[in-house]
Structures are given as C-alpha cells and as structure tokens.
Amino acid sequence: DGGITQSPKYLFRKEGQNVTLSCEQNLNHDAMYWYRQDPGQGLRLIYYSQIVNDFQKGDIAEGYSVSREKKESFPLTVTSAQKNPTAFYLCASIGSGTPNTEAFFGQGTRLTVV
Amino acid sequence: EDQVTQSPEALRLQEGESSSLNCSYTVSGLRGLFWYRQDPGKGPEFLFTLYSAGEEKEKERLKATLTKKESFLHITAPKPEDSATYLCAVFQYNFNKFYFGSGTKLNVKP
C-alpha cells in the first residue's frame, strides 16, 4: 500500500447523513488526492492538496469537503448534498523528489448508501 | 482539453500470447506518466513512472515505453495472474493535477 492507509474499508451511510473517510500517509509526501471510482469506470478527481492548509477542487467536488491540517492526513467528508455517494473511494499521495516522482494509493474505502 | 485515453477498453489473451496496451495523452507539461495495475476491490498498485520520450522500463513480463504523445505497456508471454485492469495516469507540472485514463481490463486465459 506504499505507506498510505485508508479507513474504514467498508462504510455504510444512511440517507441525509454526513460521513468522513480517513486517509493517512507516512511517506512525507506533500501532495494528496481523493478519487472516486464507479463500476467499470476510471478514476475521477474529487479534491487535491499540494500543501498543508491548502486544497483545490477537482472535477467532481460537489457534495464533498476536505481538510488538510496536517501533512500526513487528508480526510474526505461525503455530505448529504452528494446525491449518489455509493462508490469506491481512493486516496493517493505524490512525492515529487529528485529525480523520481512516486505516487501511491491506499486500498480504498467502499461506501454504500443504505 | 487535457485528456488521457487508454485502448483497448478490454483485451482477452491466451496464456503466452504477447500484446500491447496503449495510453495516449494530450496533457501539457508532462511531469511523469504512471502505469498501475488494479485488482477488483483493491487500490491501484504502482508499476512504472516514465519521464521523457524514449524512456523504457521493465518489470518481469511488463515493459513500458514513452513517446511524446503516448505510452505503451507491452506484455510478453502473459500468464493468468496478469489478469487485472491496467491504469495509466499523467502528472502535470504547474497545477500538479494527476489525470487518469479509464483503464484496460486484461483477461489472460490458460
């Protein structure tokens, strides 16, 4: 898993409820990313953060929120405004050292609305 | 528009039948092109990073190459355990965006 831990592995959400997905890395990477993956589809970018206390919206940010208070942590909140939250959520971190850029993923959180 | 396109969407091979997967990109300011393997229900597993045209990297039966507009993942004499979805991603300078293709689902039959 390259030093990135996502939890929980499975999460169930009731209608109208906010839930928070955890992503922690011990790779000393500056940049962290959240993606959503639907069955048979590629990864779509939700939010990303290049440094602590700063983050940018990706292509499908509506209904999601994030924070980046620590370099190691980038939690994602799926709010009640997200109408179709059932999906597989993946967190990644990127270290842009010289000469190599490395990018690793966590093992994912599968969120289901019940 | 910045875009990463993978082809084919799905590929069926017989064990031992070599082939190639394609990843073409129109992302400006390429900082690195990444290949990943993803098994069902799991996070993508890092395979390679390529940085400049002409670069090649190998790992077991896999070999990745890069040109100015596309990358190929060559699979030599594949085995059933190579069955997975292979993802390509481009990391961009300036905005540090990380763009993914939709993947190629490889099925290797014994």
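Below is a summary of the structure that appears in this document. This is a predicted model, so every value here is computed, not measured. (Residues numbered from 1 in each chain as written. Chains lettered and ligands numbered in written order. Predicted model: local features only at pLDDT ≥ 70, side-chain atom pairs only at ≥ 80, totals over all residues. Heavy atoms only, no water.)

**Here's the deal with the overall build of chain A**
And step 1. Of the regular secondary structure elements, chain A holds 0 helices and 11 strands.
And step 2. The linear arrangement of helices and strands in chain A, starting from the amino end, is β-β-β-β-β-β-β-β-β-β-β.
And step 3. Rg of the C-alpha trace for chain A: 14 Å, near the compact-globule value of 13 Å for 114 residues, within the 12% margin.
And step 4. Projected onto the principal axes, the alpha-carbon positions of chain A cover approximately 45 × 30 × 20 Å.
And step 5. Looking at chain A as a whole, 50% of its 114 residues qualify as buried.
And step 6. The contacts of chain A with a sequence gap of at least 6 include a subset with a gap of at least 24, amounting to 52%.
And step 7. Surface accessibility of chain A: about 5,400 Å² in total, with carbon and sulfur atoms responsible for 47%. (Helix = DSSP H or I, 4+ residues; strand = E, 2+ residues; numbered from the N terminus. Rg over C-alpha atoms; globule rule 2.2 N^0.38 Å. Buried < 20%, exposed > 50% of the residue type's maximum accessible area, 1.4 Å probe, protein only. Contact = heavy atoms within 4.5 Å. Areas by Shrake-Rupley, 256 points an atom, 1.4 Å probe, with all protein chains shown as cover.)

**Section: the environment of Ser73 of chain A**
All names here are of chain A.
And step 1. Note that Ser73 resides in the loop between β7 (64-66) and β8 (76-78).
And step 2. A C-alpha to C-alpha distance of 9.2 Å links Ser73 and Val52, two positions 21 residues apart in sequence.
And step 3. For Ser73, the residues in contact, after removing those within four places along its chain, are Cys23, Glu24, Met32, Ser67 and Arg68.
And step 4. Reaching out from Ser73, the side chain makes a polar contact with the side chain of Glu24 at a distance of 3.0 Å. (Polar contact = N/O pair within 3.5 Å; in protein donor to acceptor, adjacent residues only side chain to side chain.)

**Things to note about the environment of Phe55 of chain A**
Residue and element names in this part refer to chain A.
And step 1. Within the fold, Phe55 resides in strand β6 (residues 54-57).
And step 2. Expressed as a C-alpha distance, the spacing of Phe55 and Met32, which sit 23 residues apart in the sequence, is 9.1 Å.
And step 3. If we ignore the near neighbours within four places in the chain, the residues touching Phe55 are Tyr47, Tyr48, Ser49, Val66, Ser67, Arg68 and Phe74.

**Section: the interface of chain A and chain B**
And step 1. Contacts between the two partners involve 23 residues from chain A, matched on the other side by 20 residues from chain B.
And step 2. Counting each side, the surface lost to burial between chain A and chain B is near 1,800 Å², with a carbon and sulfur contribution of 55%.
And step 3. Linking chain A with chain B are 0 salt bridges.
And step 4. Taken together, chain A and chain B are joined by 4 residue pairs in polar contact (both at pLDDT 80 or more).
And step 5. Mapped onto the side of chain A that touches chain B, the elements with two or more residues apiece are β4 (31-37), β5 (43-51), β9 (87-96) and β10 (101-105) of chain A. (Buried area = accessible area lost by both parts, 1.4 Å probe. Salt bridge = Lys/Arg side-chain N within 4 Å of Asp/Glu carboxyl O.)

**A closer look at a nonpolar patch on the surface**
All names here are of chain A.
And step 1. Nonpolar side chains collect at one region of the surface, where Tyr10, Phe12 and Val114 lie side by side and expose about 370 Å² of accessible area between them.
And step 2. Mapped onto the elements, Val114 comes out in the segment after β11 (109-113).
And step 3. On the basis of relative accessible area, Val114 is assigned to the exposed category, the value being 58%. (Patch = residues over 30% accessible without salt bridge, like charges linked within 9 Å, V, L, I, M, F, W, Y side chains within 5 Å.)

**Overview of the sheet that holds strand β1 (residues 4-7) of chain A**
Working definition: the strands of a sheet are paired by backbone hydrogen bonds and lie parallel or antiparallel to each other.
Residue and element names in this part refer to chain A.
And step 1. Across the sheet, which stays open at both edges, the 4 strands sit in the order β1-β3-β8-β7 with antiparallel pairing between neighbours. Each edge of the open sheet is held by one strand with a lone partner, namely β1 and β7. The mean inter-strand angle of the sheet, taken between neighbouring strand axes irrespective of direction, is 20°.
And step 2. As defined by bridge partners, β7 adjoins β8 across 3 bridges and the pair is classed as antiparallel. Of the residues in β8, the one forming a bridge with Val66 is Leu76. (Pairing = 2+ DSSP bridges. Axes fitted to C-alpha atoms, helices over the stretch in contact; angles between N-to-C directions.)

**Examining the packing of aromatic side chains**
And step 1. A full pass over the atoms with the stated rule returns 17 aromatic pairs over all chains.
And step 2. For the ring pair Phe98 of chain B and Phe100 of chain B, a centre distance of 5.0 Å and an interplane angle of 70° mean the geometry is edge-to-face.
And step 3. Exposure remark for Phe100 of chain B: the relative accessible area of 11% places this residue in the buried category.
And step 4. The rings of Tyr33, Tyr35, Tyr48, Phe104 and Phe105 of chain A together with Phe34, Tyr36, Phe46, Phe91, Phe98 and Phe100 of chain B are connected pair by pair, giving a single aromatic cluster. (Phe/Tyr/Trp six-rings, centres within 6.5 Å; stacked < 30°, edge-to-face > 60°.)

**Section: the pairing of strand β11 (residues 104-109) of chain B**
All names here are of chain B.
And step 1. Side chains Thr104, Leu106 and Val108 of β11 all project onto a buried face; the interleaved residues Lys105, Asn107 and Lys109 project onto a face where none is buried.
And step 2. Pairing of strand β2 (residues 10-14) with β11 involves 5 bridges; the strand directions are parallel. Bridging from a neighbouring strand, Ala10 pairs with Lys105 of β11.
And step 3. As judged from the 3 bridges shared by strand β9 (residues 84-92) and β11, these two strands associate in the antiparallel manner. Looking across to β11, one finds that Thr85 is bridged to Lys105.

Read these as geometric descriptors, not functional statements.
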